Protein chains: 10
Amino acid sequence: MLFQVEMTVKLPLSMPAEKAYSQELQRSGKWHHLWRVADSYSNVGIFDVKDNAELQELVSNLPFFPYMETSVKPLCSNSSSIREDDS
Amino acid sequence: MLFQVEMTVKLPLSMPAEKAYSQELQRSGKWHHLWRVADSYSNVGIFDVKDNAELQELVSNLPFFPYMETSVKPLCSNSSSIREDDS
Amino acid sequence: MLFQVEMTVKLPLSMPAEKAYSQELQRSGKWHHLWRVADSYSNVGIFDVKDNAELQELVSNLPFFPYMETSVKPLCSNSSSIREDDS
Amino acid sequence: MLFQVEMTVKLPLSMPAEKAYSQELQRSGKWHHLWRVADSYSNVGIFDVKDNAELQELVSNLPFFPYMETSVKPLCSNSSSIREDDS
Amino acid sequence: MLFQVEMTVKLPLSMPAEKAYSQELQRSGKWHHLWRVADSYSNVGIFDVKDNAELQELVSNLPFFPYMETSVKPLCSNSSSIREDDS
Amino acid sequence: MLFQVEMTVKLPLSMPAEKAYSQELQRSGKWHHLWRVADSYSNVGIFDVKDNAELQELVSNLPFFPYMETSVKPLCSNSSSIREDDS
Amino acid sequence: MLFQVEMTVKLPLSMPAEKAYSQELQRSGKWHHLWRVADSYSNVGIFDVKDNAELQELVSNLPFFPYMETSVKPLCSNSSSIREDDS
Amino acid sequence: MLFQVEMTVKLPLSMPAEKAYSQELQRSGKWHHLWRVADSYSNVGIFDVKDNAELQELVSNLPFFPYMETSVKPLCSNSSSIREDDS
Amino acid sequence: MLFQVEMTVKLPLSMPAEKAYSQELQRSGKWHHLWRVADSYSNVGIFDVKDNAELQELVSNLPFFPYMETSVKPLCSNSSSIREDDS
Amino acid sequence: MLFQVEMTVKLPLSMPAEKAYSQELQRSGKWHHLWRVADSYSNVGIFDVKDNAELQELVSNLPFFPYMETSVKPLCSNSSSIREDDS
């Protein structure tokens, strides 16, 4: 189940701890995409989790979470999408 | 080059004309992802275009464009992303 | 999995069709609570659904959906809550 | 009488003092529900109090109150709700 | 129990039906004060009701309610107020 | 002449200095009402002053003024009010 | 006593009725200044009135009032101003 | 050419340096009016300058400029104004 | 003197009348730049005018002005710019 | 490809490091225009870059970037513009 999470943090995001944690989640398939919003401190992530609780757990364990502003949107597949699984 | 475009339109999005147009762009690789924001009239699209002009052209030719509220964010790859091409 | 959905519609909400549809969902356990925000046209609903797609389906099939402004918040259990299942 | 109170605090909410205070109110029936908004520092509480003064007293005595942003909505029963007491 | 309700309606508020209804509530003690916000279409009312449900009932029965934007604040006595009953 | 002033201050309002100052104004008839907005740090005051300058003077001399966010609305009597003087 | 009133109306403001009414008030000294905000439909007026009630009366009798968005700020003299009467 | 500039600063504005600087500009005719917004930390100034650059220079040299929030509106004469020069 | 004006209109901007009018101003040097904000109905224009009154005149005579939302920012040269005239 | 970037920083922008960096980009053709928004701490820049990634790189390497609020708009040529390349 997909969630779009925009994370804004006024610190250089790609610190070792943050990078390692997020790459591990990406490899596990929980974190499908991670883009930087050009010219800002924001990043857009597409998470694929079992339920809300897992989203809460994964995001709140980001090392930078205490310094982040986050906004979340629950996504679901669109009947016009040509992707089967919409990963 | 990726852009995230959120499109809100108070009409059932998946009308034939709209669906055909968007699926053609998806097959062409210009429109990577199309999700519905659950419980709302908004959709999130990830476009992959040559430049701003192409983005303007593709989105403004959506049949529903005159009835849409859109907000665009230019994306770029994030140093923590494990995806090479970040499609 | 719980979602809080605030639904604002400038029409008398409890029209027969709307009432029947929402009460059926309540009996089925999908819609736990439905309160009116005093002195306004807003209602707060607590939904218990399988995933985002089901939320999208249930809410967008409300007869008044085309006339509604909605805002959704994904909820999860709080470690301080004394309720086991947090219904 | 029900109030929905959203409480946002940039500190780990479930500190012992906070947890004990809120669980005591929940057992007393004053605080019906306590959910976490997934992926954020916000919590949603449903309070059942005698009047506004009691709401003011209960919430302002939360140990974290000085660090909280709160927004309150007075709720009342909805004619479409199937719950008698709407707890 | 007091509520401050700001009511904005783009119609001349003091139409006979509206005036009669509001004056009856004022005489009954349910509606303590009614002021006009100078130079605007807004009015501020101080209601004294039993509970949220009564507030909902009194305000939603205003003839102009369907055309009104309302915002409500639950009030309670302030320890610095010299008024006993704070009417 | 009446003004509604909402005063928000993140400090316990009823400190001796603040209380004494506000009660003196209340006794003098300059400050008709003082309510607390339940569950928040805001207070609503109804001032009765000669002119804007007096409002500026009375409010800016509140001990907590430097820490306050204020918003002011000029009020005037409403033709539907049953109160003569609308105190 | 001075009030700054910004009036925005999507109609050509200087229609005969509007012009006559406003110029009469200007000659009477009630309306000190009337400027156009360049490149918009907004106008800024500085009114000099006895009290809030007079402000309400003068502005609400503008022929275009029903089509106007207004925002009002009560002004008072500034200790740094070199103007005695601050007209 | 007139500009309306609203300046908000959480410090007592009329400190000697600030007062002297602003009064000098007022005497020079560059700064026509300076009012206090009652009950707040905001002031409204009407500047008469040659061009944008001069506005930038005059305002940014206010001693308190680094602590100020400013919002500027370019004004021009209104065809309904009875003032020739609209000072 | 430069002004940045953002013009949003929900109509195809480049209608003959609009195009002719704006191109005439561009040739006259009054309108330096005109860009489209990609994927939206907004355009950004950089105007070079004598004073505010001329800005008001030029923009309010755009055929689509009655249907436009505009926001204006007065620009002035930046000490870091390498352009002499900053056209 | 053009981007309009508004950069607001509460520090004197034209510090040597910042000035040198921005002038080098201007000479290279990457940064077409740099204006100051009169009477504020904001600057408007028009960048001409290969893609979003280059925008991100150029702007985030501004010495003051950590202290900046930025908002970016992707621009594209307007069919009414008389400029061929729209630099």
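Predicted model only: the values in this text are computed from it and were never measured.

**Q** What's the story with the overall build of chain A in this structure? I'm lost.
**A** Scanning chain A from N- to C-terminus turns up two helices and four strands. Counting from the amino terminus, chain A carries its helices and strands in the arrangement β-α-β-β-α-β. Taken against the 2.2 N^0.38 rule, which gives 12 Å for 87 residues, the C-alpha radius of gyration of chain A at 13 Å falls within 12% of a compact globule. Taken along the three principal axes of its C-alpha coordinates, chain A extends 40 × 25 × 20 Å. Classification of the 87 residues of chain A by burial places 59% in the buried group. Put simply, 72% of the contacts in chain A that link residues at least 6 apart link residues at least 24 apart. Accessible surface computed for chain A: about 3500 Å², of which carbon and sulfur atoms make up 53%.

**Q** Looking at this structure, I do not really get the packing of aromatic side chains. What am I missing?
**A** How two aromatic rings sit relative to each other is given by the distance of their centres and the angle of their planes. Residues and elements named next belong to chain E. The tally for this structure, following the rule as stated, stands at 28 aromatic pairs over all chains. Geometrically, the ring pair formed by Phe64 and Tyr67 is edge-to-face, given 6.5 Å between the ring centres and 70° between the ring planes. Take Phe64: its relative accessible area is 10%, and that puts it in the buried class.

**Q** Sorry if this is basic, but what is going on with the interface of chain E and chain D here?
**A** The parts lose accessible area when they come together, and the size of an interface is often stated as this lost area. With eleven residues of chain E at the contact, the number on the chain D side is eleven residues. Both sides of the chain E and chain D interface together cover about 810 Å² of buried area, and 76% of this is carbon and sulfur. Together, Asn52(E), Pro74(E) and Cys76(E) form the three largest contributors to the area buried by chain E at its contact with chain D, with a combined 57%. The tally of links from chain E across to chain D stands at four residue pairs in polar contact (both at pLDDT 80 or more). Only β1 (2-8), α2 (52-60) and β4 (69-77) of chain E provide two or more residues apiece to the side of chain E that touches chain D. It is β4(E) that contributes the most residues to the side of chain E that touches chain D, four residues altogether. Of the residues contributing to the side of chain E that touches chain D, the split by class is eight nonpolar, two polar and one charged.

**Q** Sorry, what's going on with the sheet that holds strand β2 (residues 31-37) of chain J here?
**A** Strand pairs in the sheet, formed through backbone hydrogen bonds, run parallel or antiparallel to each other. Spatial ordering of the closed barrel is given by β1(I)-β3(I)-β2(I)-β4(J)-β1(J)-β3(J)-β2(J)-β4(I), a layout of eight strands whose pairing is antiparallel. Here the average twist between neighbouring strands, direction ignored, is 35°. With six bridges joining them, strand β1 (residues 2-8) of chain J and strand β4 (residues 69-77) of chain J adopt antiparallel strand pairing. If you follow Thr8(J) over to β4(J), its bridge partner there is Glu69(J). In the packing of helix α2 (residues 52-60) of chain B onto the sheet, contacts are made with β2 (31-37) of chain I together with β1 and β4 of chain J, and the angle to β4(J) comes to roughly 75°.

**Q** What is the right way to read the interface of chain C and chain D from this model?
**A** Each partner contributes residues to the interface: chain C has 33 residues there, and chain D has 33 residues. Across the chain C/chain D interface, buried area totals approximately 2900 Å², and carbon plus sulfur atoms make up 53% of it. Sorting the residues of chain C by area buried against chain D places Trp35(C), Ser80(C) and Ile82(C) first, and these three jointly supply 22% of that buried surface. Linking chain C with chain D are two salt bridges. Seen at the junction of chain C and chain D, the total is 21 residue pairs in polar contact (both at pLDDT 80 or more). Elements supplying a minimum of two residues to the side of chain C that touches chain D: β1 (2-8), α1 (16-28), β2 (31-37), β3 (42-48) and β4 (69-77) of chain C. Residue contributions to the side of chain C that touches chain D peak at six residues, all from β2(C). Of the residues that constitute the side of chain C that touches chain D, the class distribution is twelve nonpolar, 14 polar and seven charged.

**Q** Just checking my understanding: could you explain the relation of the copies chain E and chain D for this structure?
**A** Superposition of the two copies of the chain requires a rotation about an axis and a shift along the axis. Overlay of chain E on chain D (RMSD 0.0 Å): rotation 180°, translation along the axis 0.0 Å. What the superposition gives is, in effect, a two-fold axis relating one chain to the other. Of the residues that chain E buries at the interface, 100% are likewise interface residues in chain D, meaning the two copies contact each other through the same surface.

**Q** Help me understand unusual backbone geometry in this model?
**A** With glycine set apart, most residues show a phi of negative sign, and most peptide bonds adopt trans. One non-glycine residue, Asp39(C), lies in the positive phi region at around 70°. Counting through the fold element by element, Asp39(C) comes out in the loop between β2 and β3.

**Q** Sorry if this is basic, but what is going on with α1(C) here?
**A** Residue and element names in this part refer to chain C. Over its 13 residues, α1 extends 18 Å from the first C-alpha to the last, a length consistent with the 18 Å expected when each residue adds 1.5 Å. Elements that come into contact with the buried residues of α1 comprise β2 and α2 (52-60). Downstream of α1 by a residue or two, Gly29 has a phi angle that is positive, lying close to 90°.

**Q** I would appreciate a short explanation of the pattern of salt bridges in the present structure.
**A** When the charged atoms of two side chains lie near each other, side chains of opposite charge can form a pair. All chains considered together, the criterion is met by 30 salt bridges over all chains. Between Glu54(A) and Lys30(A) there is a salt bridge whose closest N-O contact spans 2.9 Å. In this pair, Glu54(A) sits in helix α2 (residues 52-60) while Lys30(A) sits in the loop between α1 (16-28) and β2 (31-37), placing the two residues 24 residues apart along the sequence. Overall, Glu54(A) belongs to the buried group, its relative accessible area being 11%. We classify Lys30(A) as partly exposed; its relative accessible area is 25%. The salt bridge partner of Lys50(C) is Asp51(C), with a shortest N-O separation of 3.8 Å. Taking the relative accessible area as the measure of exposure, Lys50(C) reaches 58% and is therefore exposed.

**Q** I tried to follow the arrangement of the chains on my own but got confused; where do I start?
**A** Contact between chain D and chain H is absent, and the minimum C-alpha spacing across the pair is 22 Å. Where chain E comes nearest to chain H, the C-alpha atoms are still 15 Å apart, and the two do not contact one another.

**Q** Looking at this structure, I do not really get the relation of the copies chain C and chain D. What am I missing?
**A** The transform that puts chain C on chain D rotates by 180° and translates by 0.0 Å along the axis, for an RMSD of 0.0 Å. Interface overlap between copies is the fraction of interface residues in one copy that are interface residues in the other; for chain C against chain D it reaches 100%, indicating a shared surface.

**Q** Hey, could you run me through the sheet that holds β4(C) in this one?
**A** Strand order around the closed barrel formed by eight strands is β1(C)-β3(C)-β2(C)-β4(D)-β1(D)-β3(D)-β2(D)-β4(C), with antiparallel pairing between neighbours. If you compare each strand with its neighbour and ignore which way they point, the axes differ by 35° on average. As paired elements, β1(C) and β3(C) share seven bridges and run antiparallel to each other. Residue Met7(C) lies in a different strand from β3(C), and its bridge partner there is Asn43(C).

**Q** Just to check I follow, could you spell out the side chain of Gln23(G) for this structure?
**A** With respect to the element layout, Gln23(G) can be found in helix α1 (residues 16-28). The exposure class of Gln23(G) is buried, given its relative accessible area of 17%.

**Q** Would you mind showing me how to read the environment of Ser42(A) here?
**A** Residues and elements named next belong to chain A. Following the sequence through the fold, Ser42 ends up in strand β3 (residues 42-48). The sequence separation of Ser42 and Lys10 amounts to 32 residues, and the corresponding C-alpha distance is 8.6 Å. Apart from the residues within four sequence positions on either side, Ser42 is in contact with Glu6, Met7, Thr8, Arg36 and Val37.

Definitions and cut-offs
- Residues numbered from 1 in each chain as written.
- Chains lettered and ligands numbered in written order.
- Predicted model: local features only at pLDDT ≥ 70, side-chain atom pairs only at ≥ 80, totals over all residues.
- Heavy atoms only, no water.
- Helix = DSSP H or I, 4+ residues; strand = E, 2+ residues; numbered from the N terminus.
- Rg over C-alpha atoms; globule rule 2.2 N^0.38 Å.
- Buried < 20%, exposed > 50% of the residue type's maximum accessible area, 1.4 Å probe, protein only.
- Contact = heavy atoms within 4.5 Å.
- Areas by Shrake-Rupley, 256 points an atom, 1.4 Å probe, with all protein chains shown as cover.
- Phe/Tyr/Trp six-rings, centres within 6.5 Å; stacked < 30°, edge-to-face > 60°.
- Buried area = accessible area lost by both parts, 1.4 Å probe.
- Polar contact = N/O pair within 3.5 Å; in protein donor to acceptor, adjacent residues only side chain to side chain.
- Nonpolar A, V, L, I, M, F, W, Y, C, P; charged D, E, K, R; others polar.
- Pairing = 2+ DSSP bridges.
- Axes fitted to C-alpha atoms, helices over the stretch in contact; angles between N-to-C directions.
- Salt bridge = Lys/Arg side-chain N within 4 Å of Asp/Glu carboxyl O.
- Least-squares fit on C-alpha atoms with pLDDT ≥ 70 in both.
- Expected span 1.5 Å × (residues − 1).

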